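Structural characterization, general
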Amino acid sequence: MSTPNRPPLSGFDHVSDWVFDLDNTLYPPEVALFSQIEVKMADYVMRELKVDATRAHHLRSHYWKLYGTTLAGLMHEHQIDPLPFLHEVHDISFDALTPDPMLAQGIRALPGRKIVYTNGSAPYAEQVLAARGLSGLFDGIYGIEHADFHPKPRAEAFDMVFRKAGIRPQEGAMFEDDARNLEVPHKLGMQTVHVAPMALEADHIGHHTNDLSGFLAQLIKAG
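In this text the structure is predicted, and so the values were computed from the model without any measurement. (Residues numbered from 1 in each chain as written. Predicted model: local features only at pLDDT ≥ 70, side-chain atom pairs only at ≥ 80, totals over all residues. Heavy atoms only, no water.)

With that settled, the discussion passes to the pattern of salt bridges. Within this structure, the stated rule accounts for eleven salt bridges. Between Glu38 and Arg60 there is a salt bridge whose closest N-O contact spans 3.5 Å. Here Arg60 lies in helix α2 (residues 53-67) and Glu38 lies in helix α1 (residues 33-49), a separation of 22 residues in the sequence. Taking the relative accessible area as the measure of exposure, Arg60 reaches 14% and is therefore buried. Of the charged contacts, one joins Glu88 and Arg47 as a salt bridge, the two residues approaching to 2.8 Å between their closest N and O atoms. Linking Glu88 in helix α4 (residues 82-89) with Arg47 in helix α1, this pair joins segments that are 41 residues apart in sequence. Residue classification places Glu88 among the partly exposed residues on the basis of a relative accessible area of 23%. Look at Arg47 and you get partly exposed, because its relative accessible area is 42%. In this structure, a network of salt bridges that share partners links the residues Asp17, Arg113, Arg168 and Glu171. (Salt bridge = Lys/Arg side-chain N within 4 Å of Asp/Glu carboxyl O. Helix = DSSP H or I, 4+ residues; strand = E, 2+ residues; numbered from the N terminus. Buried < 20%, exposed > 50% of the residue type's maximum accessible area, 1.4 Å probe, protein only.)

Written out as structure tokens, the structure reads:
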């Protein structure tokens, strides 16, 4: 397991397909962008399921843990239409996001194809990327709608998106803040990078970093 102070360079020489999660991966978690979305989700659950705020927040968290996303739980348990839900919960302020030139430079310099794959929607991802100064750096942006609303960490979600994007797992690397979402990529033969404040010891986590910009700079320097 690598640490932020030791260059995690082994095993990337063959990588030509780079897959990045969005939330808390391409921007730091302290931005707390997702906290706005959680409020929107709870409001939606309160209104649609006619429950109080305490119950709504419980269901939001419970469905995320059980199904991978709150939306997946709402669809499975309550037959919620996903499109209005996604439109409403992603209607947030992006003012807390700032451009990251170092991250942009690192992504631009990676050899091969680069995609964003998020459990959010693609239009939402485009707004985040624009606020981070990362627009135009990716060969594709894939949201949960491209996986027929199946969320990561489900294997069928990865299969749908990777087929549409032309990702070759044996030549790929996956960057994610949610360690659950690295299990399938690891089984597929991808290099896996957990992007999070704290490292986790797990067989499906190949590397850890709390500084994605620095991690990519080290990879480019080594190459």
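So, on to the layout of surface pockets. The calculated volume of the largest pocket comes to roughly 540 Å³. What lines the largest pocket is a set of 28 residues, among which Phe34, Trp64, Gly68, Thr69 and Asn119 lie closest to the centre. At the level of secondary structure, the elements contributing two or more residues to the lining of the largest pocket comprise α1, α2, α3 (70-78) and α4. A total of four residues in the lining of the largest pocket trace back to one element, the largest contributor, which is α1. Taken together, the residues that form the lining of the largest pocket break down as nine nonpolar, ten polar and nine charged. (1 Å grid on protein atoms, 1.4 Å probe; cavity = no way out; pocket = protein on both sides within 12 Å on 5 of 7 lines; lining within 4 Å. Points joined across faces, edges and corners; volume = space filled by probe spheres on them. Nonpolar A, V, L, I, M, F, W, Y, C, P; charged D, E, K, R; others polar.)

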